[in-house]
Amino acid sequence: MSEIAQPFAPRVSASLVRVANTPAARRIAAVLVLILAWELAAILQNNPIMLPRFSATVLAAIDAIRSDNIVGAVWVSLSVLLKGYAIALAVTLALVAAAAVNGFARDMLQMLTAMLNPLPAIALLPLALLWFGLGETSIIFVLCHAVVWPLSLAALTGFDTVPPTQRLVGRNYGLSGPKFLALILIPAALPSLLSGLKIGWAFAWRTLIAAELVFGVTSGSGGLGWFIFRNRNDLLTDKVFAGLATVIAIGLLVEILVFRTIEQRTVRRWGMAR
Amino acid sequence: MSINRDVAVFDQYRAATKAPVLAAEHLSLGYAGASGVVAAVDDVSFKIAEGDRLVLLGPSGCGKSSILRAVAGFHTPTRGRILSRGRPIDGPGPDRVVVFQEFDQLLPWKSARENVAFPLVHARGESRRLARERADEALELVGLLRARNSYPHELSGGMKQRVAIARALAMEPDVLLMDEPFAALDALTRRKMQSDLLAVVERVGATLLFVTHSIQEAVMIGTHLHLLSPHPGRTVAEFEVTGRSDAERKSTVREVERLLVGEEVAA
Ligand SMILES: Nc1ncnc2c1ncn2[C@@H]1O[C@H](COP(=O)(O)OP(=O)(O)O)[C@@H](O)[C@H]1O
Ligand SMILES: [Mg+2]
């Protein structure tokens, strides 16, 4: 028995070590440690209004899905976000295209980008409310601001760093104007463009949640920020935590499912980014 | 007898009247510097006939690349003109395809085959299916058919240059322009690329304008040599490479060395 077990045991522990050393396993371990720390802290605090336990938050999340329509709130937030993001993309495309053909437009865009990029979008909300009133337009305005400048900056640097040889190859084959832009410049600048889109998305998501907190309800039903704000007013802190966890989960999900997948299939596959 | 003589006469006649595929007439090139235009090339003329392989040979900085860029249409001459089949060129065009020295001339987001097919579709307007077939033929010609689905970052430097050559050949340009395409390769790969290029170009009968600072490479590849002096580039000598045996090549190399290096030593 022991002769069989002995050579077998180290092999099991070796493969366990190997599994435990994968990045996924390490990440799961880190999350588990954090959850444990949270649970312990909440037990010690013993005040669910200040800090609910992890288990209570999970139950609150289930309850929120069942009876508090958190899914609807997510949908409201995402649809506003997508609208703002799409408009911002169109605006950026127009600005960058103008900059590509006209030197003055280019200087202008560069200056605007340098000036407005550091301005937090949420700081524009009071002004937006003054201009557009209490409604979706104001939110979409600040969302556009959150996306247009970082994306323009990424596009400008992306086009600037296209290898000169690839530009010459395009010109050699007689490409010019929109064809040159679509077939050479955009794919060659794709790593930069994708990271601009990613940054723009992250900024837009934060801005939106913050705006909803300030704003409350836009149309009949509120978004995720409003969900958090409303539950805090009712001192349902476990639901506030459930809302925050949802904000994080959606941010990560879009990052991993959308952007990482696109990167894997494009710039990484082509060896243009690591 | 008389038929043979007539054929010979006809050949001579054809050689005399053959219009050059490409001609540079009194070409001067310069760059705008801090204190006016700095001359890079001064009064250089040459003609390239169908099937010729003209090599511009000279030390680094003598303006070889500048000439090539001007012929490609990327750079406007300060004086003189460039004629393509007798017509002055007007900017870049796919009748003069360039193979660059830089490995990043392949589009990284396209596979080897897509890179070769790309100008066939977008510059010549061929259907995608036909372009793909022709790309495969061209890749086979340079011995890379097996790597057709690889992306440039998966290819070695030599393989990248082979794909670039295939892409240029597939376009069947009037003249193929090459700017030290093997300069960034190791010595062994370079030798192999030179003989392979020669074989392919002779097989398809391509017309070549080739730029190099290597005397060995020039004598290996060229049917005609055009020697340039540095700062600004001026014609030192031009001649046809006739003998192709090892001994004849060696004597050509010695002759070129005398003209290029000897002159510098004497000056
Ligand atoms: N873009 C440029 N701007 C200014 N001067 C240049 C530029 N390109 C080349 N030159 C100058 O022109 C001369 C010839 O350069 P080049 O044609 O690259 O020579 P080669 O290819 O023979 O090494 C050099 O003196 C170089 O410094
Ligand atoms: Mg050069």
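Residues numbered from 1 in each chain as written. Chains lettered and ligands numbered in written order. Predicted model: local features only at pLDDT ≥ 70, side-chain atom pairs only at ≥ 80, totals over all residues. Heavy atoms only, no water.

Novice: How should the environment of Arg162 of chain B be read in this particular structure?
Specialist: Residue and element names in this part refer to chain B. The residue Arg162 is located in helix α5 (residues 157–170) in this model. Residue class for Arg162 comes out buried when judged on its relative accessible area of 16%. Note: C-alpha distance between Arg162 and Leu141 (21 residues apart in sequence) is 9.5 Å. (Helix = DSSP H or I, 4+ residues; strand = E, 2+ residues; numbered from the N terminus. Buried < 20%, exposed > 50% of the residue type's maximum accessible area, 1.4 Å probe, protein only.)

Novice: Please explain the sheet that holds strand β2 (residues 36–48) of chain B as it appears in this structure.
Specialist: Pairing between the strands of a sheet is mediated by backbone hydrogen bonds and can be parallel or antiparallel. Residue and element names in this part refer to chain B. Spatial strand order, β2-β1-β4-β5: four strands in an open sheet with antiparallel pairing. Either end of the sheet is taken by a strand with one partner, and the two such strands are β2 and β5 (87–88). The sheet contact formed by strand β4 (residues 79–84) and β5 spans two bridges and is antiparallel. Within the sheet, the bridge partner assigned to Ser84 lies in β5 and is Arg87. Its contacts with the sheet place helix α2 (residues 64–72) against β1 (22–33), β2 and β4, and it is angled at close to 115° to β1. (Pairing = 2+ DSSP bridges. Contact = heavy atoms within 4.5 Å. Axes fitted to C-alpha atoms, helices over the stretch in contact; angles between N-to-C directions.)

Novice: What am I meant to see in unusual backbone geometry here?
Specialist: Only a minority of non-glycine residues have a phi that is not negative, and only a minority of peptide bonds are not trans. Residues and elements named next belong to chain B. Cis geometry is adopted by the peptide bond preceding Pro232, which originates at His231 and carries an omega value of -15°. Tracing the chain through its elements places Pro232 in the loop between β9 (224–229) and β10 (234–240). Unusually for a residue other than glycine, His26 sits at a positive phi of about 45°. You can see His26 is positioned in strand β1. The phi angle at Asp43 is positive, at roughly 55°, despite the residue not being glycine.

Novice: How should the confidence of the model for chain B be read in this particular structure?
Specialist: Parts of the prediction with low pLDDT should not have their coordinates interpreted in detail. Summary statistics for chain B give a mean pLDDT of 87 and a share of 91% for residues scoring 70 or more. For this predicted complex, the interface confidence score (ipTM) comes to 0.87, while the overall pTM stands at 0.83. (pLDDT = per-residue confidence, 0-100.)

Novice: Can you walk me through the pattern of salt bridges in this structure?
Specialist: Under the defined criterion, the tally for this structure stands at 27 salt bridges over all chains. Residue Arg134 of chain B pairs with Glu126 of chain B through a salt bridge whose shortest N-O separation is 3.6 Å. Between Glu133 of chain B and Arg129 of chain B there is a salt bridge; the shortest N-O distance is 3.0 Å. Here Glu133 of chain B pairs with Arg129 of chain B, and both are found in helix α4 (residues 128–141), just four residues apart, close to one helical turn. On the accessibility criterion, Glu133 of chain B (39% relative accessible area) is partly exposed. A single salt-bridge network, built from bridges that share partners, covers Lys198, Glu255, Arg260, Glu263 and Arg268 of chain A. (Salt bridge = Lys/Arg side-chain N within 4 Å of Asp/Glu carboxyl O.)

Novice: What exactly am I supposed to notice about helix α7 (residues 136–160) of chain A here?
Specialist: Each α-helix winds once per 3.6 residues, and so residues spaced three or four apart point in a common direction. The terminal C-alpha atoms of α7 of chain A lie 36 Å apart, and with 25 residues this matches the ideal 36 Å at 1.5 Å per residue to within 8%. Of all 25 residues in α7 of chain A, 19 are buried; the element is thus mostly enclosed. (Expected span 1.5 Å × (residues − 1).)

Novice: I tried to follow the interface of chain B and chain A on my own but got confused; where do I start?
Specialist: Reports often express the size of an interface as the amount of accessible area lost when the parts come together. Of the residues lining the interface, 24 residues belong to chain B; the matching set on chain A comes to 18 residues. On the chain B side of the interface with chain A, the three residues burying the most area are Phe74, Trp109 and His122 of chain B, jointly 30% of the side's total. Summed over the shared surface of chain B and chain A, the result is zero salt bridges. If you look at where chain B meets chain A, you find eight residue pairs in polar contact (both at pLDDT 80 or more). Where the side of chain B that touches chain A is concerned, the elements lending two or more residues are β6 (96–99) and α3 (112–122) of chain B. (Buried area = accessible area lost by both parts, 1.4 Å probe. Polar contact = N/O pair within 3.5 Å; in protein donor to acceptor, adjacent residues only side chain to side chain.)

Novice: Is there a simple way to think about the domain arrangement of chain B in this case?
Specialist: Residues and elements named next belong to chain B. Domain boundaries assigned for chain B yield domain 1 (20–95 + 174–267) and domain 2 (106–172). Put simply, the middle of domain 1 and the middle of domain 2, counted by C-alpha atoms, are 25 Å apart. Every contact between the two is made by 16 residues of domain 1 and, on the other side, eleven residues of domain 2. A combined buried area of about 1,000 Å² lies between domain 1 and domain 2, and 75% of that area is made up of carbon and sulfur atoms. The largest contributions to the domain 1 side of the interface with domain 2 come from Pro94, Met193 and Val200, which together make up 39% of the buried area. One can count one salt bridge joining domain 1 with domain 2. (Domains from an automatic or database assignment.)

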